Amino acid sequence: MATPIMLFFIGLALFPAMVISLGINYGQIANNLPSPEEVLPMVKSLGATKVKLYDADAKVLKAFANTSIEFIVGLGNEYLSKMAADPKHALGWVKQNVQCHLPSTKITCISVGNEVLTFNDTTLSDSLLPAMEGIHAALVSLGLDKQVNVTTAHSLAVLETSYPPSAGAFRSDLIPCVTQILNFQTKIGSPFMINAYPYFAYKANPKQVPLEFVLFEPNKGEVDPITNLHYDNMLHAQIDAVYSALASLGFKNVRIQLSETGWPSKGDADEAGATPENAKKYNGNLIKLVSQKKGTPMKPGCDLNIYVFAMFNENMKPGPTSERNYGLFKPDKTPAYQLGIAGLNSVGNSSSSVDDGNSGPSSPITAPSTSSSSSTGYLSISRAAAKERYNMVGSMMLSLLLIKIERLV
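Per-chain numbering applies: the sequence of each chain, read as written, is numbered from 1 onward. Local features in this predicted model are restricted to residues of pLDDT 70 or higher, and side-chain atom pairs are both shown and tallied only at a pLDDT of 80 or more, whereas totals for entire chains, interfaces and linings draw on every residue. No hydrogens and no water enter the side-chain calculation; it runs on all heavy atoms of the structure.

> Help me get a handle on the overall build of the protein chain, residues and values and all.
Numbering of helices and strands runs from the N terminus; a helix is a DSSP stretch of H or I covering at least four residues, while a strand is a stretch of E covering at least two. Looking only at helices and strands, one finds 14 helices and 12 strands in the protein chain. Evaluated residue by residue, the protein chain yields a buried proportion of 55% over its 409 residues. Two residues form a contact once any of their heavy atoms are found within 4.5 Å. Here the analysis covers contacts within the protein chain between residues at least 6 apart in sequence; of these, 74% occur between residues at least 24 apart. Surface summary for the protein chain: the accessible area is close to 16000 Å², and the carbon and sulfur share equals 54%. Accessible area is worked out with a 1.4 Å probe on protein chains only. A residue is then buried under 20% of its type maximum, exposed over 50%, and partly exposed in between. Using a 1.4 Å probe, accessible areas were evaluated by the Shrake-Rupley method; residue-level cover was limited to the displayed protein chains.

> How would you sum up the sheet that holds strand E5 (residues 149–155)? Please name residues and give values.
One key point about sheets: their strands pair by backbone hydrogen bonds, in either a parallel or an antiparallel sense. One closed barrel accounts for eight strands, arranged E1-E2-E3-E4-E5-E8-E11-E12; its pairing is parallel. Across the sheet, the axes of successive neighbouring strands diverge by a mean angle of 30°, strand direction being ignored. Sheet contacts for helix H10 (residues 234–248): strand E8 (192–195), strand E11 (256–261) and strand E12 (306–308); angle to E11, the most-contacted strand, approximately 140°. Between N-to-C directions, angles span 0 to 180 degrees; the directions come from axes that are lines fitted to C-alpha atoms, helices contributing only their stretch in contact. Sheet contacts for helix H11 (residues 276–291): strand E1 (22–25), E11 and E12; angle to E12, the most-contacted strand, approximately 155°. Being paired, for any two strands, means DSSP has found at least two bridges between them.

> Describe the pairing of E11, and please don't skip the residues or the numbers.
Across the six residues that make up E11, a large majority, six, are buried. Inspection of the sheet shows E11 paired to E12 by two bridges, in the parallel sense. Across the sheet, residue leucine 258 finds its bridge partner in E12, namely isoleucine 306. Following the chain from E11 across H11 to the adjacent parallel E12, one finds a crossover that is right-handed. When the strands point away from the viewer, a crossover counts as right-handed if the path from the first strand over the helix to the second runs clockwise.

> With reference to specific residues and values, describe the nonpolar core.
By nonpolar core is meant a set of buried Ala, Val, Leu, Ile, Met, Phe, Trp, Tyr and Cys residues that side-chain atoms within 4.5 Å join together. Judged by nonpolar contacts, the single largest core of 101 residues is most densely connected at Phe64, Trp93, Ile110, Val112 and Ile135. Apart from the residues within four sequence positions on either side, phenylalanine 64 is in contact with Tyr26, Pro36, Val39, Leu40, Val43, Ile69, Phe71 and Thr105.

> Can you break down the environment of tyrosine 243 residue by residue, with the values?
Assignment of secondary structure puts tyrosine 243 in helix H10. Separated by 55 residues in the primary sequence, tyrosine 243 and methionine 298 place their C-alpha atoms 8.1 Å from one another. In contact with tyrosine 243, not counting residues within four places along its chain, are Val254, Ile256, Thr296, Met298, Lys299 and Cys302.

> Describe the pattern of salt bridges, and please don't skip the residues or the numbers.
By definition here, a salt bridge exists when the distance from a side-chain nitrogen of Lys or Arg to a carboxyl oxygen of Asp or Glu is within 4 Å. Per the counting criterion, the structure on display carries four salt bridges. Of the charged contacts, one joins lysine 333 and glutamate 38 as a salt bridge, the two residues approaching to 3.0 Å between their closest N and O atoms. Of this pair, lysine 333 sits in the loop between E12 and helix H12 (350–353) while glutamate 38 sits in helix H2 (residues 36–46), and the two are 295 residues apart along the sequence. For lysine 333, a relative accessible area of 29% gives the class partly exposed. Its relative accessible area of 32% is what places glutamate 38 among the partly exposed residues. Where arginine 171 meets aspartate 173, a salt bridge forms, and the shortest distance between an N and an O atom there is 2.7 Å.

> An account of the confidence of the model for the protein chain is needed here, citing residue identities and associated values.
As a per-residue measure, pLDDT reflects the predictor's confidence and takes values from 0 up to 100. Considering every residue of the protein chain, the mean pLDDT works out to 83; 78% of them sit at 70 or more. Every residue in residues 6–19 is under pLDDT 50, and counting partners more than four places away or in other chains gives 30 contacts.

> Hey, could you go over the packing of aromatic side chains for me, with residue numbers and the actual values?
Two aromatic rings, drawn from Phe, Tyr or Trp (for Trp, its six-membered ring), form a pair once their centres lie within 6.5 Å of each other, and the interplanar angle then sorts them: stacked below 30 degrees, edge-to-face above 60, tilted otherwise. According to the stated counting rule, one finds 13 aromatic pairs in the structure shown. One aromatic cluster is present, built from ring pairs that chain together Tyr54, Tyr197, Tyr199, Phe200, Tyr202, Phe216, Trp263, Tyr282, Phe309 and Tyr326. A ring is considered to have a charge above it if a Lys NZ or an Arg CZ atom is located within 6 Å of its centre and within 35 degrees of its normal. Over the face of the ring belonging to tyrosine 243 we find lysine 299, whose NZ or CZ atom lies 5.3 Å from the ring centre.

So this is what it looks like as structure tokens:
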């Protein structure tokens, strides 16, 4: 008799024919995850062709050697000042964490820092661009710059305005820094990475934000009054707001890469919407959307380049319960919920696949020690922190969005 995990994989085996270049975030803030060798077939079964790490874990990179899966490796926030201060440090890091794995493992990008500009740390922010430049210079000196690019991931809270999407604009205090980073990225041809979570908007206003609008379910949507473009989901509106912000600074041709998006399957009592059912709808509909090779209303010809968060529930992450329940899988390799696609038979068994909280401690505990290639920046700058910044910076624009939606519904 087929087990839930077998059925899950059988169903997901249909995805590669549908999905176009799906990415998955592989975080490891946990003490109970399967080995990288065990994770490899799971990633393949998802139909994912790209993996994003928050460090440069040698065990993972070696386990995925001689496969077609592409990697983004991460340089944690805690290393930025060191990399910015001395080019030798950047060269040593690239040699130790990137060059030694090429060409066996397909490392295509280094993400320098995570959500640095919204961490409100001037020293950290001032180190970001020099660190990116140092890493790129190291790649050039080693002859690797043509196969490995350099970027950084931003929180959506870098925006001061996001509604309507056509009026998207960066925070005025961040414009000088963002402009310098974009000039550098334009020169080397790397994508602008953004972490976007419609879940946070719903959690903050569950009685006002239509659930269908954030879950890609049928709804009336909204129309941008400036462009007359119709939006039937919040993620598209968020992405186009970033496109508008980039264009307002003169960077119309910079590619956007959605480095994180996802939905938790479990949360605290005050975390509205964090259920297996909603997580299934969000991620299932998201994967279907990516497979359609359609862009956003503003950029219909640009395929969505998305990394789903996350591969596993991570039991050692701090913050609310939701932070430990973004995974598509539990640490025992069983699905956290049925990941269904409209038009396909659902897979798994809901009674046995929903996380019962027994896979690890429910309260945050001290993070494990990390090697020189690891990063704790992933811990300190989490989606929980991004949520708080999003709520603070975006309260006014969210109110405008709600007014518009209420008129249409």
